[in-house]
Each structure stands twice: as structure tokens, then as C-alpha cells.
Amino acid sequence: MTEVADQFTEERSGEATRISHWIDGQRVEGTSGRNGPVYNPASGEQSGEVDFATPEEVDAAVQAARRAFASWRSMSLSRRTELFFRIRELFHQRAEDIAKLLTLEHGKVLSDAKGEVARGLEVIEFCCGIPELLKGSYSEQASTGIDVYSIRQPLGVVAGITPFNFPAMVPMWMWAPAIACGNTFVLKPSEKDPSASMLTAELMKEAGLPDGVFNVVHGDKVAVDAVLEHPEIAAVSFVGSTPIARYVYETGTKNGKRVQALGGAKNHMIVLPDADIDMAADAAVSGGYGSAGERCMAVSMLVAVGHAADELVGAIQERLPKVKVGDGMNPDSEMGPLVTREHRDKVASYIEKGAAEGAKLVTDGRETGPDNGGFFLGVTLLDEVTPEMDVYKDEIFGPVLGITRVDTYEEAVRLVNENPYGNGVAIFTRDGGVARQFQFEVNAGMVGVNVPIPVPVAYYSFGGWKNSLFGDLHIYGPEGIQFYTQGKVVTSRWPDPATSKVDLGFPQTR
């Protein structure tokens, strides 16, 4: 294991470990005097202290990336591909090391953390095909003696600002296509669980990535604003809440940057009367409570149509006592703690608010989480939730699942389409015709048919509609390649000098 992994996967005592920046191929200790605590959510104890960058330190990372850009973009696609295969192999070999860091700082159970790393690796593998992905087009003899072809070229220095809930996977969604396309990269990860980004930097260096191509700066809004306002950063990718996504998009574009900002969600799962209720209940529990509900694609609202409601509520209620909540490093645990005490308390407040607003509290997670000082909350089920309630309208981002009852399929679709979010949605049914009609008319970017969390595979692209996306391109996949490159069309002629003449007319193609 590397130095970073050793620091966080072994039991420690004494002072919290300092987590610094990664600039130009090496660790660089922060000089701002400002820092933030990093906790082990399962114990509630502080395990680290992360440096917060100044604008000058962000600039140092950008300048390192700028210096590295010319030689990196000039590297042949064959050599870049070879390097990406080495990166893929190292991340595959160290997948468990990365996963342990995720569990110790985020809290998700180790099996879920391994799944996160695996899904991130899929994007790295997709980027190993970068020669094919960057192929342009060619038209011979577009006009007499003239050929026309298109190419895609990198933007320069680009940046990513990533959330706490997927500290390894979401950065991979950004840096892998960005770097494969020939850009250099500055990452500002979440300050709540920053160590995975440092292990990523070490592994990239070990794989042979040139210094300065990948840089990491930690921090809060000061660092974010420095990224968004820096004149030499050409593009910014962001994943987080909708208010911050809107801010990132407006600030970044105002400063002349290309921006893709993925925001929040309120993902609905519609269950029709003809659905397999056991299958739907399994999916609801898995999609609603996996990773303690801290997923932008988590199922947060079930829409039970007609007589499916009572049977579905009973089936879910039957499963909830069997969900094992505990330390993510315990192989018996199925759901870990939330990321911070403050977030746990905020999520718990929605349980009280939902009951006060008139929802039926079927299962109260405040009564079932371990009481050991960690940031635990058990699973909560709220029935009879209506659209005017805050528990329906707000993105809770925790293990709280709500159920809304409607009479018809049309009412269910209307609920989804009128919601301000449009990230993911699912329908459970045995009727193929209804499923096809649903995918045609529903207003959301990712649709699951009997699949509760329809995160696309790496060769498609991830992203929502409406207030779940600011910008016009989704992340990773084909749209990710498009985001991190710019098109160029070349019109070329190699004429016989004897045919050259002055012609002031408009260029003709016939």
C-alpha cells in the first residue's frame, strides 16, 4: 500500500493526519493557516485535518497544469493510450485500498465503496479507447482539388469540483476523459473526504503521468471561487447540490468558461399495480437506503399507483428490520453512517418535519441507528406523503424514503414531470407498452425500467434535465469527450501552381 493508504487504513492514535495539496507531481503543504476537520463517521472521531488553499495556491496548481499542457497534448495517442492502460491496471490493483479510504472518511460500507471504485474504473477503461473517441471525419474532393476534415483538440487547463458522496468515482468521471483528451487537470475535491484524491494523485504518478498533468487543491468556497474566476482555466465540471450548481454555472460562464454543473435530484420510482411487488420492494430498499441515501440517484420518492400501495408498503416495512446498520468496515454492515454529524442532524430533522406535516411515520430511523458516537441514522419510511410537504419537495440526501399514493398512471407521470428536478426516474411494471410510453413522455435525463438506479454505463453519458443540470452536455461517455474538446474543421488544397489565379468572388464548391 502507498503512504496515503497506510495513513488511513491502519488504526491511529494521537494527532490527526494532515492532508495537503498535490501540485506539479508532489505534496505541497498549505500556507493559508486555514484547514478543516476530517472525521471517521462510524466513530465520530476526527481522523485528519485538510489544508484549505488560498487563491495563490490554486494559481500554483493552474500554472503547473499550464506548463505541462504543451508537452502533454503533443504526446501521441498511442503513448497516451499505453499510459491509460497502466493507470487502469494500477487502480484495479489498488481498488481495495481506495475503497477503504472511502469507508473510513465517507462512511459507506466497504462493499459499496468497492462498487464505487469499479464504476469509476469503467470510465477509465472507456478512455483507454481514446484514439477511436477522437477520430474526426474526412471528405475528399469536397470541391475541385479541395479536401475537408474535422478534428477535436483539447481545451487546455480544466478543473473539476466534486462532492463528498463519491470521492473516487465522480473525480474519475471528470479527470479520465479530460486528461485522455489531452487536457491538464486541477481537482478540488470535497473537504469532507479528501484522501482518495491524494491516493489518486500518487497512483497517477506511479503510472507515469507527467508532473503537472493532474493536480489537487483542497478547500472551501475560497478555493472554489479561485477556480471559477481563474482566467487560465478553460472549463469546469461540477457535481453537487442544485443551488451550488447554479452558482458554479453562473460564475464560471460569467468568467468565460465552459461549464457543466450537475445539480440535485428528487428521484421518483413509480410502481404500477401489475408490478412484481417483491421485486419492487427489494429495489426500493436497495435504491433508497444504499449508501445511507447519500446518492444523487437514490430513490427518494415512491409513487404507488392504485391498489399497489398497501401491498408495497407492507413488503417494504417487512424488509426494513433486516437492514444491518453499522460501521462500514464490518463485513456484516449493509448501511453505514452519514458523512457528518451536522448532515445526520439535518436529515433527522426531516423525519420530525414530515410527521408534523401529516405524513405517516411507518418506520423511524432515529430509533434504530447505533448509538456509539458515530453519525448513524437508521432507515425511515414515510407513507402518505403529498407534493406540498417539504419531505416531498426537498432533496433530503439521507435514508428517508417517502411514499405518495395516486390513482392512475397519468397522475404518477404528472408528478414526475412537474417536479423541478429531472435527474433519474424509474418505473416498475410488467407491461412493455406502458414502459415504452413512459420512457417517451417522462421528463428526466435517466430512466430505469424495472431498474431503480439507472446510472448509465461508461459508454453512454450521465446527467439530468431541468434543475438537475446547468449546461448543455452530460458527464463522461461521448458527451464527456465533447465537453473536454473543441472542434476544428480544416479545408485543404494543394493546387498545381499553373492553375492559380486571383478570384474575388465568393468561394464556390461546384
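Coordinates for the structure precede this section.
Residues numbered from 1 in each chain as written. Predicted model: local features only at pLDDT ≥ 70, side-chain atom pairs only at ≥ 80, totals over all residues. Heavy atoms only, no water.

Novice: I tried to follow the overall build of the protein on my own but got confused; where do I start?
Specialist: Of the regular secondary structure elements, the protein holds 17 helices and 23 strands. Taking 2.2 N^0.38 as the reference for a compact globule, 510 residues should give roughly 24 Å; the C-alpha atoms of the protein span a radius of gyration of 25 Å, in line with that estimate. Along the three orthogonal principal directions, the C-alpha set of the protein runs to about 85 × 60 × 40 Å. Within the span of the protein, comprising 510 residues, buried residues form 56% of the whole. (Helix = DSSP H or I, 4+ residues; strand = E, 2+ residues; numbered from the N terminus. Rg over C-alpha atoms; globule rule 2.2 N^0.38 Å. Buried < 20%, exposed > 50% of the residue type's maximum accessible area, 1.4 Å probe, protein only.)

Novice: Could you clarify how one ought to interpret the sheet that holds strand S14 (residues 299-305) in this entry?
Specialist: By way of backbone hydrogen bonds, the strands of a sheet pair with one another, either parallel or antiparallel. Here seven strands make up an open sheet; going across it, the order is S15-S16-S17-S14-S13-S19-S20 and the pairing mixed. Every interior strand has two partners, whereas the edge strands, strand S15 (360-363) and strand S20 (446-449), have only one. Within the sheet, the average angular offset between the axes of one strand and its neighbour, ignoring direction, is 20°. Along the sheet face, helix H16 (residues 432-441) touches strand S13 (267-271), strand S19 (424-428) and S20 and points at about 165° away from the line of S19. (Pairing = 2+ DSSP bridges. Axes fitted to C-alpha atoms, helices over the stretch in contact; angles between N-to-C directions. Contact = heavy atoms within 4.5 Å.)

Novice: In this structure, what is going on with the pattern of salt bridges? I would like to understand it.
Specialist: Side-chain pairs of opposite charge can arise where the charged atoms are in close proximity. For the structure shown, the criterion picks out 27 salt bridges. Of the charged contacts in the structure, one is a salt bridge between Arg-430 and Asp-276, with a shortest N-O distance of 3.8 Å. Of the two residues, Arg-430 sits in the loop between S19 and H16 while Asp-276 sits in the loop between S13 and helix H11 (277-289), which places them 154 residues apart along the sequence. One network of salt bridges, in which partners are shared, links Arg-18, Glu-29 and Asp-51. (Salt bridge = Lys/Arg side-chain N within 4 Å of Asp/Glu carboxyl O.)

Novice: Where do I start with the sheet that holds strand S23 (residues 485-493) in this structure?
Specialist: Spatial ordering of the open sheet is given by S6-S7-S23, a layout of three strands whose pairing is antiparallel. The open sheet has two edge strands with one neighbour each: strand S6 (138-143) and S23. In this sheet, adjacent strand axes meet at a mean angle of 30° when their direction is disregarded. Summarising the sheet, strand S7 (residues 146-154) and S23 pair through nine bridges and their orientation is antiparallel. Bridged to Ile-151 within S23 is Lys-488.

Novice: So what exactly am I meant to see when it comes to helix H10 (residues 242-254) here?
Specialist: Each α-helix winds once per 3.6 residues, and so residues spaced three or four apart point in a common direction. Helix length check: H10 (13 residues) gives 18 Å between terminal C-alpha atoms against 18 Å at 1.5 Å per residue, within 8%. Close packing links the buried residues of H10 with helix H9 (221-229), strand S11 (233-239), strand S12 (258-262), strand S18 (421-422) and strand S22 (469-470). Directly after H10, the chain includes Gly-256, whose backbone phi takes a positive value near 80°. (Expected span 1.5 Å × (residues − 1).)

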